[in-house]
Amino acid sequence: MKDHGIEVIRIAEFAWTIFEPEEGRFSFEFFDEFMELAKNAGMKVIFCTPTATLPAWLTDKYLEVLNCDIEGNPYHHGARRHYNYSSPIYRRLCANIVEQLALHYGQHPAVIGWQIDNELNCELNEFYGPAVDRDFNQWVQEKYKTLEALNQAWGTVFWNQTYTAWEQIHVPGKVVHNSNNPHQMLDYVRFVSDRARSFANIQSRILRQHIKPADFITTNGFFSYMDNHALTRESLDFYTYDSYPDFAFALCEDPLHSDDLNDRKWSKNLARMRSISPIFGIMEQQSGANGWNTRMEAPAPKPGQMTLWAMQSIAHGADFVSFFRWRTSVMGTEIYWHGILDYSGRDNRRLRELGQIRDKTKQLSEMAGAVYKGSFAALN
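Attention in this report is confined to the structure presented alongside it. No experiment lies behind these values; they were computed from the predicted model shown.

Remarks on the sheet that holds strand β10 (residues 318–324)
At step 1: If you walk across this open sheet you meet the four strands as β5-β6-β7-β10, and the pairing is parallel. Across the chains shown, the open sheet's two edge strands, defined by having one partner strand only, are β5 (220–221) and β10.
At step 2: By the bridge criterion, five bridges tie strand β6 (residues 239–243) to strand β7 (residues 280–286) in an arrangement that is parallel. Counterpart to Tyr239 in the pairing with β7 is Phe280.
At step 3: Here helix α10 (residues 305–315) sits on the sheet in contact with β6, β7 and β10, set at roughly 165° to β7.

With respect to the nonpolar core
At step 1: Phe19 and Phe47 are the most contacted members of the largest nonpolar core, which has 83 residues in total.
At step 2: Excluding residues within four positions of it along the chain, Phe19 makes contact with Ala12, Arg25, Phe26, Ser27, Phe28, Phe31, Phe47, Pro50, Ile97, Leu101 and Tyr105.
At step 3: In this structure, Val8, Phe216, Phe238 and Met283 belong to the second largest nonpolar core, which totals five residues.

With respect to helix α2 (residues 29–41)
At step 1: Between its first and last C-alpha atoms α2 spans 19 Å; for 13 residues at 1.5 Å apiece the expected length is 18 Å, and the two agree.
At step 2: Turning to α2, its buried residues are Phe31, Met35 and Ala38. The arc that holds every buried residue of α2, seen down its axis, measures 55°, which confines them to one face. In α2, the exposed positions that point more than 90 degrees away from the buried face belong to Glu29, Glu33, Leu37 and Asn40.
At step 3: On the buried face of α2, the contacting elements are β1 (8–11), α1 (16–19), β2 (44–48), α4 (88–105) and β3 (111–115).
At step 4: Looking one or two residues beyond α2, the residue adopting positive phi is Gly42, at roughly 75°.

With respect to the packing of helix α5 (residues 130–144) against helix α7 (residues 182–210)
At step 1: Axis separation between α5 and α7 bottoms out at 11 Å; the angle between their running directions is 105°. Between α5 and α7, the angle falls in the class roughly perpendicular. Within the contact between the two elements, α5 uses Val132, Asp135, Phe136, Trp139, Lys143 and Tyr144 and α7 uses Asp187, Tyr188, Arg190, Phe191, Asp194 and Arg195.
At step 2: The class makeup of the residues in the contact of α5 with α7 is six nonpolar, no polar and six charged.

The rules behind these values
Residues numbered from 1 in each chain as written. Predicted model: local features only at pLDDT ≥ 70, side-chain atom pairs only at ≥ 80, totals over all residues. Heavy atoms only, no water. Pairing = 2+ DSSP bridges. Helix = DSSP H or I, 4+ residues; strand = E, 2+ residues; numbered from the N terminus. Contact = heavy atoms within 4.5 Å. Axes fitted to C-alpha atoms, helices over the stretch in contact; angles between N-to-C directions. Core = buried A, V, L, I, M, F, W, Y, C linked by side-chain atoms within 4.5 Å. Buried < 20%, exposed > 50% of the residue type's maximum accessible area, 1.4 Å probe, protein only. Expected span 1.5 Å × (residues − 1). Arc of directions from axis to C-beta. Parallel < 35°, antiparallel > 145°, perpendicular 65-115°, else oblique. Nonpolar A, V, L, I, M, F, W, Y, C, P; charged D, E, K, R; others polar.

Here you go:
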């Protein structure tokens, strides 16, 4: 890694069970050994809180933590992000594992920063189930104070939707034509954003208490149903973006032989990222073909495309670029989410290109660090 220009690695984002194999019993042996290796090698580490994937012992014991579909059917254990932000039990257990990690690794010399969770609101940005329903009802009461104010804001007089008791108000459910009250839906989106942000803030406040003053806090994304500007202000030092410019299979009939791939318009996403967080990084820069066992997302980058995408990110203001991933996983759900190295771990053209990117960024180093200042004038 170091020979090809990698100076920082990100770890532990899906490793909850390794740290807490049973509720309340913590083990740091594996990552203690790993962190010692990183320190001795002079490798810098971004440590992740592992709250995006729940342990099986947790979902088996506390069903309320599971997210549900709009009809109330809970999602099963076995993927990721199948929790909801509203469960008090889940928030408590997340706070506990984050505090344990911060206490144990917060002062480690190899750690330079922390990532909260992974891709908040990715996969699912709609939440249902008993815990969410109770939470939404309370959120609505705190916002409107009176039923009269709520009924007026939601225009409930139309179609006879007027509420006469707080107990009648629920998360928007399945209705005829799938056409919920639009004002209620807007509040629901705001509610989802608020709960995701408060979930991140719980972790951020814990980390601030125990990590080194110079270490940063970030998260990676960004996704919808989220006030990303507020999330950054409340909980982060800066935002990081996961950049996959070659997500082309959904856009082209023949992506392997098309000149109209998605990377041509990726600058829009990078510009949006810069508007949210003027200082930002790329936590995951695409380096291989991407897909799941159910579908493929993107072909492998052509020769030179890794360079194009990395330079595109840097040109749009990224202060940090991390390629995802180092080596393609040989097991699990992401076995088709390829990285720089293939399954064999042997040298290949993408590794050689990574070394070329290292050389180019060194040549550009004197130009790095520019600050863009926008200004405007308003004429009457």
